[in-house]
Amino acid sequence: DTATSISAPTIDEVVEGLEEDAERILWYMASNSLSANPKKTGFLLIRTKRSEAREVRVGNVIVPESTSHKILGLHVNNTLSWKDHVECELLPSVNKRIGALRRLSYHIPTDYLPQIASAIVSSKVRYGLAIYGTVRLANNEPTSFEHRTLQIALNDAMRIASGRRRTE
């Protein structure tokens, strides 16, 4: 994946800078026998105030502004919150893996389940955690809804791995 970013005082300057970067990237790709996929090209404008949607020209393709874009498996939105990634991508995937772990737990010795839970569930949560996970410096700091739901899912996986139930 290739990404470029521009910071400028006005949106017009941002769009102009992105289009110039796009020309340089396309030139580099062409000179190295690479090609850009217009279907995977996105334009995400992070700003403090709502205004009309913009677009950028990348070669001969017009790329409209979107509210979110998937970059290396992480959903980034234009407000820089991780709600979209956690609720729409991560939690459903983790819950499917927990279901698979539960089904496996009936057929595999319990000694192997913690390793399997770490491999198929915890690894999914850990990927990108440094980016979307906020750091709490004290126990009295609030946790977000997304973090609480992820913690509950991880707890469920560990209960399955240890042969425990929520009621215990």
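Residues numbered from 1 in each chain as written. Predicted model: local features only at pLDDT ≥ 70, side-chain atom pairs only at ≥ 80, totals over all residues. Heavy atoms only, no water.

Caption draft 1: Representation of the overall build of the protein. Summing up its helical and strand segments, the protein has five helices and five strands in all. Mapped from its N terminus to its C terminus, the protein presents α and β elements in the order α-β-β-β-β-β-α-α-α-α. Against the globule reference of 15 Å for 168 residues, the protein gives a C-alpha radius of gyration of 21 Å, more extended than a compact globule. Projected onto the principal axes, the alpha-carbon positions of the protein cover approximately 60 × 45 × 25 Å. Each of the 168 residues in the protein was classed as buried or not, and the buried ones make up 27%. Taking the intrachain contacts of the protein between residues at least 6 apart in sequence as the baseline, contacts between residues at least 24 apart amount to 50%. (Helix = DSSP H or I, 4+ residues; strand = E, 2+ residues; numbered from the N terminus. Rg over C-alpha atoms; globule rule 2.2 N^0.38 Å. Buried < 20%, exposed > 50% of the residue type's maximum accessible area, 1.4 Å probe, protein only. Contact = heavy atoms within 4.5 Å.)

Caption draft 2: Representation of unusual backbone geometry within the structure. Residues other than glycine seldom take positive phi values, yet Leu72 does so here, at roughly 50°. Within the element layout of this structure, Leu72 appears in the loop between β4 (68-71) and β5 (74-77). Judged by its relative accessible area of 55%, Leu72 falls in the exposed class. Despite not being glycine, Leu80 has its phi angle at roughly 60°, a positive value.

Caption draft 3: Spotlight on a negative patch on the surface. A grouping of Glu13, Glu16, Glu20 and Glu23 is seen on the molecular surface, where their side chains present a negatively charged patch. Checked against the element boundaries, Glu20 lands in helix α1 (residues 11-31). (Patch = residues over 30% accessible without salt bridge, like charges linked within 9 Å, V, L, I, M, F, W, Y side chains within 5 Å. Areas by Shrake-Rupley, 256 points an atom, 1.4 Å probe, with all protein chains shown as cover. Salt bridge = Lys/Arg side-chain N within 4 Å of Asp/Glu carboxyl O. Lys, Arg positive; Asp, Glu negative; His and termini not counted. Charge placed at Lys NZ, Arg CZ, Asp CG, Glu CD.)

Caption draft 4: The arrangement of the nonpolar core in detail. Ranked by internal contacts, the top residues of the largest apolar core, which has 20 residues, are Val94, Ile98, Tyr132 and Leu150. For this core, the secondary-structure elements that each account for two or more residues are β5, α2 (83-105), α3 (113-126) and α5 (145-162). Apart from the residues lying within four places of it in its own chain, the contact partners of Val94 are Val121, Lys124, Val125 and Ala153. With nine residues, the next largest nonpolar core counts Val15, Leu18, Phe43 and Leu45 among its residues. (Core = buried A, V, L, I, M, F, W, Y, C linked by side-chain atoms within 4.5 Å.)

Caption draft 5: View of the packing of α3 against α5. Look at α3 against α5: their axes get within 9 Å of each other, and the N-to-C directions meet at 165°. As the angle between them shows, α3 and α5 are arranged roughly antiparallel. When you trace α3 past α5, the crossing you get is right-handed. Here Leu113, Pro114, Ala117, Val121, Ser122 and Val125 of α3 lie close against α5, whose contacting residues are Leu150, Leu154, Ala157, Met158, Ile160 and Ala161. Considered class by class, the residues forming the contact of α3 with α5 number 11 nonpolar, one polar and no charged. (Axes fitted to C-alpha atoms, helices over the stretch in contact; angles between N-to-C directions. Parallel < 35°, antiparallel > 145°, perpendicular 65-115°, else oblique. Left-handed = near helix turned anticlockwise from the far one by under 90°. Nonpolar A, V, L, I, M, F, W, Y, C, P; charged D, E, K, R; others polar.)

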